[in-house]
Amino acid sequence: MEGITDPVFRRLVSRTGGVAALCSEFLRISVSPVPERICRRHLAVTDAGDDGLRQVRLPTAIQLMAAGCEHVPESAAHAECAGADWIDLNFGCPAPVVFGKCAGSALLALPERMSAIVRAARSGTTLPVTAKIRAGITDERLLEENLLALAEAGAAAVTIHARLRIQGYHQPASWHWIAQGVRVLRAAGYRLPVVGNGGVERADQVAEMRRLTGCDAVMVGRAVLADPFLFRVAAGGPAPDRREAAEWPMRYYEAEAAAHGGSRALAKLKQQLCWYRAGDLFADGEAQRKMLLRARSASEILSWLVAAGVSRPRASCD
Ligand SMILES: Cc1cc2nc3c(=O)[nH]c(=O)nc-3n(C[C@H](O)[C@H](O)[C@H](O)COP(=O)(O)O)c2cc1C
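Residues numbered from 1 in each chain as written. Predicted model: local features only at pLDDT ≥ 70, side-chain atom pairs only at ≥ 80, totals over all residues. Heavy atoms only, no water.

Caption draft 1: Seen up close, the environment of L22. With respect to the helices and strands, the residue L22 is situated in strand β1 (residues 22-28). Residues L22 and R10, 12 residues apart in the sequence, show an inter-C-alpha distance of 7.0 Å. Leaving out residues up to four positions away in the same chain, L22 has contacts with R10, S14, L58, P59, T60, A61 and W86. (Helix = DSSP H or I, 4+ residues; strand = E, 2+ residues; numbered from the N terminus. Contact = heavy atoms within 4.5 Å.)

Given below as structure tokens:
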């Protein structure tokens, strides 16, 4: 998620368990191809003291975003050289700055251009090329046409974010659009995997989305910021106890500090704590969270987390 996640976060989540694959934030193609070194940066973390994070290397995509075909083959080739396992194309971003440049979700109105971009990416790489879409811009009228255009262009898989562009991120996701996508592609004889996305907030909803829509896999966005253990629990693993939940942000801080230095690590730690709800650390109310977000130093936050990890949550008195 652009502006929020990074390779350090992805590696740490992948070590927590239950994750099948990872995808970078979108890398925008504008006046020149995305350089190989930028792709490398999104795929890797530094070696420095990151506690073996490198040992886990799940399949990872570089996501590209373009308004047209120019520089797409070269960018895909650079992503391949940098070590990506596949290339994902973003046709879902709703941000006005992206939409206004006819990229991201703006392409949902232009199925032919979307399929040309998929073909362009495929021409530059031997890797699989996948696509991520929303159900539409203001309505879902082109959903079927878009999916068939992507399949026809040779997309290896498609992720459907079950919201319209005008719904942003906060309106409820409509999973029936994922089910519709699965039906349309299968009826046309396409077997490419469909990944469902949108509105998964709890581990049990991963299986629920698969059951209700028939999708082949589930992509989770924001909920993993709140609970990095969601994938592990969805895969049948244990929920974290309070100590493990308190340790996670500390490990994240340490890994960020080793990779990028203390001030960025502090900013990322605070960003994480804005969302965090694993282990009910803030079950006593939001005052503690607000206090931590005002902290001037990481040590203030880390000491609170150490104490929170060993203390018991207060029993509720209803
Ligand atoms: C701040 C922010 C940045 C995002 N950046 C990306 C991105 O770079 N690429 C992408 O495919 N989706 C991006 N997304 C969308 C999420 O991946 C996901 O599709 C969306 O949040 C819906 O899933 P969710 O309800 O599980 O969060 C972003 C979402 C947010 C909130």
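Caption draft 2: The arrangement of the side chain of D6 in detail. With respect to the helices and strands, D6 occurs in the segment before α1 (7-16). Owing to a relative accessible area of 4%, D6 belongs among the buried residues under this scheme. A polar contact of 2.8 Å, which involves the side chain of D6, links it to the backbone nitrogen of F9. There is a polar contact of 2.6 Å between the side chain of D6 and the side chain of R264. When residues no more than four places from it in sequence are discounted, the contact partners of D6 are E25, Y252, E256, R264 and K268. (Buried < 20%, exposed > 50% of the residue type's maximum accessible area, 1.4 Å probe, protein only. Polar contact = N/O pair within 3.5 Å; in protein donor to acceptor, adjacent residues only side chain to side chain.)

Caption draft 3: Quick look at the domain arrangement of the protein. Assigned domains of the protein: these are domain 1 (7-234) and domain 2 (242-310). A separation of 29 Å is found between the C-alpha centroids of domain 1 and domain 2. The interface of domain 1 with domain 2 comprises 19 residues on the first partner and 15 residues on the second. Interface area for domain 1 against domain 2, summed over the two sides, is near 1,500 Å², with a carbon-plus-sulfur share of 63%. Of all residues in domain 1, V8, L12 and A226 bury the most surface against domain 2, accounting for 32% of the area lost on that side. Where domain 1 meets domain 2, there are one salt bridge. The residue E244 makes a salt bridge to R232 at a minimum N-O spacing of 2.8 Å. Of all elements in the fold, only α1 and α9 (223-226) reach the threshold of two or more residues within the side of domain 1 that touches domain 2. In terms of residue count, the dominant contributor to the side of domain 1 that touches domain 2 is α1 (six residues). In terms of residue class, the side of domain 1 that touches domain 2 is made up of 10 nonpolar, three polar and six charged. (Domains from an automatic or database assignment. Buried area = accessible area lost by both parts, 1.4 Å probe. Salt bridge = Lys/Arg side-chain N within 4 Å of Asp/Glu carboxyl O. Nonpolar A, V, L, I, M, F, W, Y, C, P; charged D, E, K, R; others polar.)

Caption draft 4: Region of interest: the site of the ligand. In the vicinity of the ligand there are 17 residues, among which Q63, K132, N197, G199 and R222 approach most closely. E2 is positioned with one of its backbone polar atoms (N or O) 2.9 Å from a nitrogen atom of the ligand. Between the ligand and R163 there is a distance of 3.4 Å, counted from an oxygen atom to a side-chain nitrogen or oxygen. Contact with the protein chains covers 86% of the free accessible surface of the ligand, which is 620 Å². A per-class count over the shell around the ligand returns five nonpolar, seven polar and five charged. (Near = heavy atom within 4 Å. Areas by Shrake-Rupley, 256 points an atom, 1.4 Å probe, with all protein chains shown as cover.)

Caption draft 5: Quick peek at unusual backbone geometry. Even without being glycine, H71 reaches a positive phi, approximately 70°. Note that H71 resides in the loop between β2 (60-65) and α3 (72-82). On the accessibility criterion, H71 (15% relative accessible area) is buried. Positive phi, close to 60°, is recorded for C102, a residue that is not glycine. When you line up the elements, C102 lands in the loop between α4 (96-99) and α5 (111-124). Looking at C102, the relative accessible area reads 24%, which means it is partly exposed.

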